[in-house]
Amino acid sequence: QQPVQSPQAVILREGEDAVINCSSSKALYSVHWYRQKHGEAPVFLMILLKGGEQKGHDKISASFNEKKQQSSLYLTASQLSYSGTYFCGTEGNAGGTSYGKLTFGQGTILTVHP
Amino acid sequence: NAGVTQTPKFQVLKTGQSMTLQCAQDMNHNSMYWYRQDPGMGLRLIYYSASEGTTDKGEVPNGYNVSRLNKREFSLRLESAAPSQTSVYFCASERGGGYGYTFGSGTRLTVV
């Protein structure tokens with residue numbers, strides 16, 4: 001079942017912060033985050049494994065709450081280059097091991113204006 | 001390194017025609033995937049291959065077949081194209097170990 005992302009769209013000015021959420025109805029082994037620019041392929045940002053870890057990538061970080069089956073992506077001090085569509089991809093948990101394939105959310109469109 | 005290469009980049013088919021989308025990766029990855037992307041629906045898995053010699057259905061396999069020719073190549077075939085198969089198709093490969101998927105540049109397919 002497809003994870004649900006919220007919000008569907010965000011409009012920011014440079015320097016503002018944003019949070020994108022990803023929620024699943026199934027037990028998760030991991031959560032991936034990708035960014036896709038218009039007309040291009042998705043690009044991998046980071047992966048979070050079960051255990052509630054938090055990761056950072058420049059001014060983009062993410063958290064994963066395994067018990068709530070939710071992940072959040074945090075974009076701080078946004079830049080024009082952050083514009084694009086953000087997708088979470090979830091990997092199911094089958095008794096402690098992964099299913100090995102991702103189910104993607106519907107995407108969140110982020111627009112950053114000068 | 002080229003990464004993941006998809007051909008063709010664009011294709012227009014008539015209803016009922018067949019075609020094969022090609023995908024090759026040069027990163028020695030075991031797992032490969034085919035997704036389709038439609039507006040507002042994200043990426044949906046068509047078929048995947050966890051390793052050379054194995055293939056499995058994903059979420060939307062109807063109307064498609066795949067072949068994992070060797071470790072590098074994973075092709076997607078449309079036997080009898082339908083307008084509902086108009087989409088952007090992405091091939092991806094995965095190294096595993098937390099490195100995420102590497103996607104090809106996509107094939108934009110229109111069925112008229």
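Scope of this entry: the structure provided in the associated data block. Position labels on residues start from 1 in each chain and follow its written sequence. Labels are handed out in written order, letters beginning with A for the chains and numbers beginning with 1 for the ligands. Under the rules for a predicted model, residues below a pLDDT of 70 receive no local features and side-chain atom pairs below 80 are neither given nor counted, while totals for whole chains, interfaces and linings still include all residues. The side-chain figures draw on all heavy atoms in the structure; neither hydrogens nor water molecules are used.

A look at the overall build of chain A
Going along the chain from the N terminus, every DSSP run of H or I of four or more residues is numbered as a helix, and every run of E of two or more is numbered as a strand. Secondary structure summary: chain A contains zero helices and eleven strands in total. Mapped from its N terminus to its C terminus, chain A presents α and β elements in the order β-β-β-β-β-β-β-β-β-β-β. In chain A, which comprises 114 residues, the proportion classed as buried is 46%. The contact criterion used throughout is that any non-hydrogen atoms of two residues lie within 4.5 Å. Across chain A, contacts joining residues at least 24 apart in sequence account for 56% of those joining residues at least 6 apart. Only the protein chains shown count as cover for residues, with accessible areas throughout obtained via the Shrake-Rupley method and a probe of 1.4 Å. In the form shown here, chain A has an accessible surface area of approximately 5,500 Å², with 49% of it arising from carbon and sulfur atoms. Each residue gets one of three labels from its accessible area relative to the maximum for its type: buried under 20%, exposed over 50%, partly exposed in between, using a 1.4 Å probe on protein chains only.

As for the nonpolar core
The set of buried Ala, Val, Leu, Ile, Met, Phe, Trp, Tyr and Cys residues whose side-chain atoms join them within 4.5 Å is what this entry labels a nonpolar core. Membership of the largest hydrophobic core comes to 21 residues, with the highest contact counts inside it found for A:Trp33, A:Met46, A:Leu73, A:Leu75, A:Tyr82, A:Tyr86 and A:Leu110. When residues of this core are traced back to their parent elements, those giving at least two are β2 (9-13), β3 (18-23), β4 (28-36), β5 (43-49), β7 (60-65), β8 (70-75), β9 (84-94) and β11 (108-113) of chain A. With sequence-adjacent residues up to four places away left out, A:Leu75 is seen in contact with A:Glu16, A:Asp17, A:Ala18, A:Ile20, A:Lys59, A:Ile60, A:Tyr82, A:Tyr86 and A:Leu110. Counting residues in each nonpolar core, the second largest holds 20 residues, with B:Leu13, B:Trp34, B:Tyr64 and B:Ala81 among its members.

Quick look at the sheet that holds strand β8 (residues 74-78) of chain B
All names here are of chain B. At least two DSSP bridges between two strands are required for those strands to pair. Reading across from one edge, β1-β3-β8-β7 is the order of the four strands in this open sheet, with antiparallel pairing throughout. Lying at the two open borders of the sheet, with one neighbouring strand each, are β1 (4-7) and β7 (64-68). Geometrically, the sheet is characterised by an average inter-axis angle of 15 degrees between neighbouring strands, direction not taken into account. Of the pairings in the sheet, the one linking β1 to strand β3 (residues 19-25) comprises four bridges and is antiparallel in character. Residue pairing across strands places Val 4 opposite Gln 25, the latter belonging to β3. Axis definition: a line fitted to C-alpha atoms, limited for helices to the stretch in contact. Angles are taken between N-to-C directions and run from 0 to 180 degrees.

What to know about the state of the cysteines
The disulfide criterion is simple: two cysteine sulfur atoms within 2.5 Å. Counted by the stated rule, this structure contains two disulfides over all chains. Paired by a disulfide, A:Cys22 and A:Cys88 hold their sulfur atoms 2.1 Å apart. Judged by the sign of its S-S torsion, about 70 degrees, the bond between A:Cys22 and A:Cys88 is right-handed. Taken together, the residues span a long stretch of sequence, with A:Cys22 in strand β3 and A:Cys88 in strand β9 at a distance of 66 residues. Note on A:Cys22: relative accessible area 3%, which makes it buried. A relative accessible area of 0% places A:Cys88 in the buried class. Here B:Cys23 pairs with B:Cys91 through a disulfide, and the sulfurs are 1.9 Å apart. Taking the sign of the S-S torsion, about -70 degrees here, the bridge from B:Cys23 to B:Cys91 comes out left-handed.

So, the interface of chain B and chain A
Each partner contributes residues to the interface: chain B has 18 residues there, and chain A has 16 residues. The contact between chain B and chain A buries some 1,400 Å² in all, and 60% of this surface belongs to carbon and sulfur atoms. The term buried area means the drop in 1.4 Å probe accessible area that two parts suffer when joined, counted for both and summed. On the chain B side of the contact with chain A, B:Leu43, B:Tyr101 and B:Phe103 bury the most area, a combined 33% of that side's loss. The definition of a polar contact used here is a pair of N or O atoms within 3.5 Å, where within protein one atom must be able to donate a hydrogen and the other to accept one, and adjacent residues in sequence count solely through side-chain atom pairs. Our count for the contact surface shared by chain B and chain A stands at five residue pairs in polar contact (both at pLDDT 80 or more). Listing elements by their share of the side of chain B that touches chain A, those giving two or more residues are β4 (31-37), β5 (43-49), β9 (87-94) and β10 (101-103) of chain B. Split by residue class, the side of chain B that touches chain A holds ten nonpolar, seven polar and one charged. In this count, Pro and Cys sit with the nonpolar residues alongside Ala, Val, Leu, Ile, Met, Phe, Trp and Tyr, while Asp, Glu, Lys and Arg are called charged and the others, Gly among them, polar.

Here's the deal with the pattern of salt bridges
When the charged atoms of two side chains with opposite charge come close together, those side chains can pair. Residues and elements named next belong to chain B. Should a side-chain nitrogen of Lys or Arg be within 4 Å of a carboxyl oxygen of Asp or Glu, the pair is scored as a salt bridge. Overall, the coordinates contain three salt bridges over all chains when judged by the stated rule. Across the salt bridge formed by Asp 38 and Arg 36, the nearest N and O atoms sit 2.9 Å from each other. Take Asp 38: its relative accessible area is 12%, and that puts it in the buried class. For Arg 77, the salt bridge identified is with Glu 79, shortest N-O distance 3.2 Å.

Re the side chain of A:Thr85
Note that A:Thr85 resides in strand β9. If we ignore the near neighbours within four places in the chain, the residues touching A:Thr85 are A:Tyr34, A:Arg35, A:Gln36, A:Gly107, A:Thr108 and A:Ile109.

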